[in-house]
Amino acid sequence: MSYRLETKCIHGDKCEERKHSFGAVSVPIYQTATFAHPGIGRSTGYDYSRESNPTREELENFVTALECSCDTVACSTGMAALSLCLELFERGSHILCTDDLYGGSVRIFETVGKNKGLEFDYVDTSRRELVEKSIRENTKALYIETPSNPTMKVTDLKAMKEIALKYGLMLIVDNTFLTPYFQNPIVLGADIVIHSGTKFLGGHNDTLAGFVCTANEELKNKIRFLYKTVGCCLSPFDSFLLLRGIKTLGVRVEKQQSNAIKIANWLKEHKKVKNVYYVGLKDHKGYDVNLKQARGFGSMISFEVDSEETAIKILENVKVISYAESLGGVESLITYPMLQTHGDVPESIREELGINNRFLRLSVGIENTEDLIADIENALN
Ligand SMILES: *Cc1c(COP(=O)(O)O)cnc(C)c1O
């Protein structure tokens, strides 16, 4: 039988197959590089930990169950997952991306990707006609973030799938922001889902990780081959920490979301706040599309304040919230995208997207809602 999400977070897909030694309820950490062979041509199922390891495999099975994918590989970081995917493409391939991506993704595309002879374009993928107009002879893939980072634009994944089918493109979705708890792009037709496991999946701002989830056997085999070849695997101990994090994914993201809804509504009414970008606000441009394809809104809020001075005041005076990069964990974090996540994005592109010196991004944690609101209010005054 197939379990519901909260159950999958605790048990994966296989409650029936509890197979840990001594009945251990949590997965043992197999801290070993290699595995002895029982005889010539025989294997325990594991040979060398770069290729596979029982602790990591348990984690990969959990993420596969949550994303409804065919397979998942666990990588050392989100960027390692992304760079693994770039290995799928031959020199001369063109990849069409959301114009508002995680800054590190733009950096790897524009440097490593371009050096490999790949070509990239960035368009507002929330506008279907723009996507179709930007497809070229050599376009091989669509690379989507929805909601996007940091301006929270929502892309219609079903529409992207239609375009991908029409032009024979691979559909890749970075699902870090909504997590498999709220959105399953593979169910909507994506070929590959990428995660920074460092964020919501790990959930505690203490471990780096990344995932590549594949939708079919052919892609599974290609990615598995590249994975063991380039060696970007997650360590057994970090795999254990990720599994431990995923057990509470459901309760964490529900609480983070309920906090975020209240904070977004409070920010909207504040006289020093000019714009609030949160997918859970009914007047958000992508509200309906998001509801059509996701089960929730997540807990990432961006907002623009009245002046650079106010922005700096908030960053330097918050006490419950930390002024720090990253997102998705139990601790609330606030960032200044202009200087941090999007520091490497060319200024002209940044300004066009609205990422200016008044623009802040808040990752809402699981603290008490009133304490978080009071923290921002105090920092503002
Ligand atoms: C953080 C992040 C990444 C990169 O992941 P790391 O684990 O930091 O390497 C990629 N995509 C998105 C959307 C992210 O937020």
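Residues numbered from 1 in each chain as written. Predicted model: local features only at pLDDT ≥ 70, side-chain atom pairs only at ≥ 80, totals over all residues. Heavy atoms only, no water.

Participant: Any chance you could explain the site of the ligand here in plain terms?
Facilitator: Neighbouring the ligand are the residues T77, G78, M79, Y102, E145, D174, T176, S196, T198, K199, A209 and L327. Contact between the ligand and S196: an oxygen atom at 2.8 Å from a side-chain N or O atom of the residue. A distance of 2.6 Å is found between an oxygen atom of the ligand and a side-chain nitrogen or oxygen belonging to T198. Protein chains bury 93% of the 380 Å² of accessible surface belonging to the ligand in isolation. Here the shell around the ligand is composed, by residue class, of four nonpolar, five polar and three charged. (Near = heavy atom within 4 Å. Polar contact = N/O pair within 3.5 Å; in protein donor to acceptor, adjacent residues only side chain to side chain. Areas by Shrake-Rupley, 256 points an atom, 1.4 Å probe, with all protein chains shown as cover. Nonpolar A, V, L, I, M, F, W, Y, C, P; charged D, E, K, R; others polar.)

Participant: Honestly, the nonpolar core in this entry has me stumped. Any pointers?
Facilitator: Across soluble globular proteins, nonpolar side chains show a tendency to be buried alongside one another. Core analysis: the largest hydrophobic core is formed by 80 residues, its most contacted members being L59, L142, I263, V276, I301, F303 and I334. The element best represented in this core is helix α10 (residues 249-269), accounting for six residues. Residues in contact with L142, not counting those within four places in the same chain, are L96, V131, M160, I163, A164, L169, M170, L171 and I172. V73, A80, M170 and I192 belong to the second-largest nonpolar core, a separate cluster that totals 31 residues. (Core = buried A, V, L, I, M, F, W, Y, C linked by side-chain atoms within 4.5 Å. Buried < 20%, exposed > 50% of the residue type's maximum accessible area, 1.4 Å probe, protein only. Helix = DSSP H or I, 4+ residues; strand = E, 2+ residues; numbered from the N terminus. Contact = heavy atoms within 4.5 Å.)

Participant: Would you mind going over the packing of aromatic side chains with me for this structure?
Facilitator: Given two aromatic rings, their pairing is described by the distance between the two centres and the angle made by the two planes. This model, assessed by the stated rule, comprises seven aromatic pairs. Measuring from centroid to centroid gives 6.4 Å for F237 and F240, while their planes differ by 20°, and the two rings are stacked. Taken together, the residues F237 and F240, both in helix α9 (residues 236-247) and three residues apart, mark about one turn of the helix. Looking at F237, the relative accessible area reads 43%, which means it is partly exposed. By relative accessible area, which is 18% here, F240 ends up buried. Among the aromatic residues, ring-to-ring pairing joins F109, F120 and Y143 into one connected group. Over the ring of Y102 we find K199, and its NZ or CZ is 4.9 Å from the ring centre. (Phe/Tyr/Trp six-rings, centres within 6.5 Å; stacked < 30°, edge-to-face > 60°. Lys NZ or Arg CZ within 6 Å of the ring centre and 35° of its normal.)

Participant: So what exactly am I meant to see when it comes to the sheet that holds strand β12 (residues 359-363) here?
Facilitator: Paired through backbone hydrogen bonds, the strands of a sheet run either parallel or antiparallel to each other. The mixed open sheet is built from five strands, whose spatial order is β8-β9-β12-β11-β10. The open sheet has two edge strands with one neighbour each: β8 (273-277) and β10 (322-323). For strand β11 (residues 333-335) and β12, the ladder comprises three bridges, and the chain directions are antiparallel. Residue pairing across strands places L333 opposite S363, the latter belonging to β12. Where helix α12 (residues 308-317) meets the sheet, its contacts fall on β9 (300-305), β10, β11 and β12, and the angle it forms with β9 comes to roughly 135°. (Pairing = 2+ DSSP bridges. Axes fitted to C-alpha atoms, helices over the stretch in contact; angles between N-to-C directions.)

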